[in-house]
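These are the residues of each chain, in order.
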Amino acid sequence: MARIELNEVAHSYLPKPGGDSDYALKRIHNVWEDGVACALLGPSGCGKTTLLNAVSGLLTPSKGRILYDGKDVTALPPEKRNIAQVFQFPVLYDTMSVFNNLAFPLRNRGIDEGAVKERVLEVAEILDLTPFLNKRAAGLAADAKQKISLGRGLVRSDVAAILFDEPLTVIDPQMKWLLRRKLKEIHEELKLTFIYVTHDQVEALTFADQVAVMFEGEMVQIGTPQDLFENPEHKFVGYFIGSPGMNFLECTLEGNKARVDGTGIELDEETAAKGRNARGKLELGIRPMYLELHANSGDGRVKAGVKGVEDLGSYRIATLMLAGQTLKARLPEDKPLPEGEVWLTFPPKWTKLFEDERLIQ
């Protein structure tokens, strides 16, 4: 296991990069402590796989250093970093048995055959692969093959870290849930350093202790799933985390109120005070689940029109219009929704203010 440090890492695929727009990674500075389970979460093209490849040694970054337990490994190839990598599609030997697939990394290092057998049986038990040990890998289902690929990383007890690059993409939804749970159990049992790349927020938030959200080559926020949901530090985090994502309304500030095209929305004193120093573009942000809907007017409520409602089984999503801007509200299935218009309450505790897409703190 290892403490992995990214020291001002940046990378461009161009031979002579100019500005920030030429970089796939832009000044990544972060530390993953020994034994952490961290997810790199973001959409396609945000730089998460590029970063994982730099950590693994498949790619040498244009700038910065990568350290394992304080040792500079930036220029070292993967085989010198003592890591295991699990890819989107299983990497294994189809003609070998499951046992021999799991044993291969150990035999390749000259480990005694008795120790190889003991370790293979231990890992097979953890991954529920014991019944398949004598079967050829070629005949197994996709989830079993991905377990073998995972096992080839786990079988080395001295591995510094295991890196996962969208490992569950080809697995059906029910099996994804089972494998995610298995990965979490393995991490809790073995305390290995796991770095997990995914574009799926459910995978990231259920698997990882710590999630790094990436956007346009930057880590825009690192935190627990609860931090990312309740206190997004960047507009993209608010939009990307949650279903549906956070509502954003362009606004101006007047005293303790955010003005949305003349409609006043009360802010708490601390948020309003910080917002008064802003000079950039202001936006008010609130999660759909925290927006309160009422049939009648009242103190602090603002009027909005109802555009439509989607019934998603256990809850509904209402699409609303407020001063010419669209927003969503999440409602329990049994909560009545007036037709035509409603009155909204923005609880100050959950109403955030953003300047130029970043949370005002």
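Here, every reference points to the structure presented above.
Criteria and thresholds
- Residues numbered from 1 in each chain as written.
- Predicted model: local features only at pLDDT ≥ 70, side-chain atom pairs only at ≥ 80, totals over all residues.
- Heavy atoms only, no water.
- Pairing = 2+ DSSP bridges.
- Helix = DSSP H or I, 4+ residues; strand = E, 2+ residues; numbered from the N terminus.
- Axes fitted to C-alpha atoms, helices over the stretch in contact; angles between N-to-C directions.
- Contact = heavy atoms within 4.5 Å.
- Buried < 20%, exposed > 50% of the residue type's maximum accessible area, 1.4 Å probe, protein only.
- Right-handed = clockwise from strand over helix to strand, strands pointing away.
- Patch = residues over 30% accessible without salt bridge, like charges linked within 9 Å, V, L, I, M, F, W, Y side chains within 5 Å.
- Areas by Shrake-Rupley, 256 points an atom, 1.4 Å probe, with all protein chains shown as cover.
- Salt bridge = Lys/Arg side-chain N within 4 Å of Asp/Glu carboxyl O.
- Parallel < 35°, antiparallel > 145°, perpendicular 65-115°, else oblique.
- Left-handed = near helix turned anticlockwise from the far one by under 90°.
- Nonpolar A, V, L, I, M, F, W, Y, C, P; charged D, E, K, R; others polar.

Caption draft 1: Spatial organisation of the sheet that holds strand β7 (residues 161–165). Pairing within the open sheet is mixed, and its six strands lie in the order β6-β7-β8-β3-β9-β10. The strands lining the two open edges of the sheet, one partner per strand, are β6 (83–86) and β10 (218–223). In this sheet, neighbouring strand axes are inclined to one another by 20° on average, regardless of whether the strands run parallel or antiparallel. In terms of strand pairing, β6 meets β7 through four bridges, oriented parallel. Bridged to Gln-85 within β7 is Leu-163. Along the sheet, helix α4 (residues 142–154) makes contact with β6, β7 and β8 (194–198), crossing β6 at roughly 170°.

Caption draft 2: Highlighting the pairing of β8. For β8, the tally of buried residues reaches five of five residues, placing the bulk of the element in the interior. The side-chain alternation of β8 yields two buried faces, one formed by Phe-194, Tyr-196 and Thr-198 and the other by Ile-195 and Val-197. Read as a crossover between parallel neighbours, the route from β7 over helix α5 (residues 173–190) to β8 is right-handed.

Caption draft 3: The arrangement of helix α2 (residues 98–107) in detail. Counted residue by residue, α2 has seven buried out of 10 residues, so it is predominantly covered. Taken as a whole, α2 has its buried residues at Val-98, Phe-99, Asn-101, Leu-102, Ala-103, Pro-105 and Leu-106.

Caption draft 4: Examining a nonpolar patch on the surface more closely. Among the surface-exposed residues, Leu-58, Phe-87 and Val-91 lie close enough to one another that they form a single nonpolar patch of about 250 Å² accessible area. Within the secondary structure layout, Leu-58 lies in the loop between α1 (48–56) and β4 (63–68). Residue class for Leu-58 comes out exposed when judged on its relative accessible area of 51%.

Caption draft 5: The arrangement of the packing of α2 against α4 in detail. The interhelical angle for the contact between α2 and α4, taken along N-to-C directions, is 30°, at an axis separation of 7 Å. For the element pair α2 / α4, the angle class is roughly parallel. The way α2 lies across α4 gives a crossing that is right-handed. Of the residues in α4, those in contact with Val-98, Asn-101, Leu-102, Phe-104 and Pro-105 of α2 are Ile-148, Gly-151 and Arg-152. Partitioned by chemical class, the residues of the contact of α2 with α4 number five nonpolar, two polar and one charged.

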